[in-house]
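Spelled out from the first residue to the last, the chains are:
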Amino acid sequence: MKIVVAGGDGFCGWPTALYLSQKGHDVTIVDNLVRREIDVELGSNSMTPILPLEERVAAWKEVSGKDIEVRIADLTDYDAVASVFQETQPEAFVHFAEHRSAPYSMIDREHAIENHRNNVEGTLNVLWAIKDFAPDCHLVKLGTMGEYGQPNIDIEEGWIEIEHKGRKDRLPFPKAPGSFYHLTKVHDSDNIMFACRIWGIRATDLNQGVVYGLETDETRLDPRLVNRFDYDAVFGTALNRFIIQAAIGHDLTVYGNGSQTRGYLDIQDTVRCIELACENPAERGEFKVYNQFTEQFSVKELAEKVQKVGSDLGLDVKIAPTENPRVEKYDHYYNAVHTNLLDLGLEPHLLTDEHIAEVLKAAQENVDRVKRELVMPTVTWK
Ligand code: NAD
């Protein structure tokens, strides 16, 4: 298939582009490299030394013999988006290209607005370009499990059958997101659903859990293909952040009592889920929703797993309850359905001690690159 991977220079997008290319798809990466600019803004960096995008792609050509086309383009620039669609005529457009950090969106008013502008405007441009230039293209859009929040009932996959005052309907599952970033994803989902309804666009919204891990089969082929690995309190996500904290001898910063429970998945499953979504396109006018995660953990459970693996490796890992910079529920009910991708053939890589050990060892090889001052949270919700 002809597939555009927008956001293909990022943590999820890069290994997905390589995976799809390895599988024989004709892949084009679209990215405006803003994530690298945000590193400069925050004084942060990827723990792994990632090459410039053109060099990564050249290394992939050398290793695999396969071409990945690169277009440096901003999804908020409609002319640029229009040319991507006119010139590549993709069968699937995989959309990772958003600002993806909850703390980043909560820094101040300007960041909340920029987050909305970038994410909502970018996705609207993609929807209009599909309508105008590639109406058969299947949009595969990354949303987040965070759109649902933590309701006191089971979370369904996108839709819920409701009986109300004697009448029944199948309606979008209610959303109660926990940051301005997560709200951008809710707005995107609404905009996409609407475009499916009025223009007959085909779309799959992937409500992804928190992604952990570093390598995939393709990034392991050559050190120049290594994935980015965020550890700072703004972009580093739970588990990956804990593993790096263990590697540098920092206490694991569990926010509050650590009972906050979410869905998680291995980066190796992210790439496969995208393939499954692309291979099973929505019908014209259909808005599919999959909950893309494989297991649920509380933050405390993750910290304890890292502590155990660390001590098996001879490290003295301490868990330090840390004042929670976020406003979130503790000791809450959490049970989210996630059968759609399993039904399509996903075989999950579950979280094992061996996996944590592999990532921990990779982190130990790069400890010199870590700026310790970036580990503690500075952005608060209040
Ligand atoms: P990332 O920040 O590492 O990558 C995003 C990429 O998109 C970057 O390379 C960035 O330069 C690019 N980008 C951003 N705005 C752009 C624009 N306007 N035009 C062109 N390129 C743009 O993030 P990630 O972790 O790879 O996440 C990818 C997607 O998956 C995001 O939409 C995110 O919300 C979603 N997601 C991620 C996680 C996770 O744990 N990483 C969890 C759930 C959902």
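As a reminder, the structure under discussion sits directly above these lines.
A brief report on the enclosed structure follows. Predicted model only: the values in this text are computed from it and were never measured.

### Observations concerning the overall build of the chain
Working step 1: Within the chain, the secondary structure is distributed over 12 helices and 14 strands.
Working step 2: A separation of at least 24 residues holds for 82% of the contacts in the chain among residues at least 6 apart in sequence.
Working step 3: With the model as given, the accessible surface of the chain reaches about 15700 Å², and the carbon-plus-sulfur share is 50%.
Working step 4: Distance between charge centres in the chain, computed from 40 positive and 62 negative side chains, equals 3 Å.

### Some remarks on the packing of aromatic side chains
Working step 1: On inspection of all chains with the given rule, the structure shows 6 aromatic pairs.
Working step 2: Ring geometry for Trp 128 and Trp 199: centres 4.5 Å apart, planes at 65°, overall edge-to-face. Of the two residues, Trp 128 is situated in helix α6 (residues 109-133) and Trp 199 in helix α7 (residues 180-199); the sequence distance between them amounts to 71 residues.
Working step 3: Judged by its relative accessible area of 40%, Trp 128 falls in the partly exposed class.
Working step 4: Aromatic side chains Trp 159 and Phe 287 sit 6.2 Å apart centroid to centroid with 80° between the ring planes, which places their arrangement in the edge-to-face category. Of this pair, Trp 159 sits in strand β6 (residues 159-164) while Phe 287 sits in strand β12 (residues 287-292); the two residues are 128 residues apart in sequence, bridging distant segments of the chain. Each of the two residues, Trp 159 as well as Phe 287, counts as buried.
Working step 5: It is Arg 35 that lies over the ring of Phe 235; its NZ or CZ is 3.6 Å from the centre.
Working step 6: Stacked on the ring of Trp 199, the Lys or Arg Lys 131 has its end atom at 5.3 Å from the ring centre.

Criteria and cut-off values
Residues numbered from 1 in each chain as written. Predicted model: local features only at pLDDT ≥ 70, side-chain atom pairs only at ≥ 80, totals over all residues. Heavy atoms only, no water. Helix = DSSP H or I, 4+ residues; strand = E, 2+ residues; numbered from the N terminus. Contact = heavy atoms within 4.5 Å. Areas by Shrake-Rupley, 256 points an atom, 1.4 Å probe, with all protein chains shown as cover. Lys, Arg positive; Asp, Glu negative; His and termini not counted. Charge placed at Lys NZ, Arg CZ, Asp CG, Glu CD. Phe/Tyr/Trp six-rings, centres within 6.5 Å; stacked < 30°, edge-to-face > 60°. Buried < 20%, exposed > 50% of the residue type's maximum accessible area, 1.4 Å probe, protein only. Lys NZ or Arg CZ within 6 Å of the ring centre and 35° of its normal.

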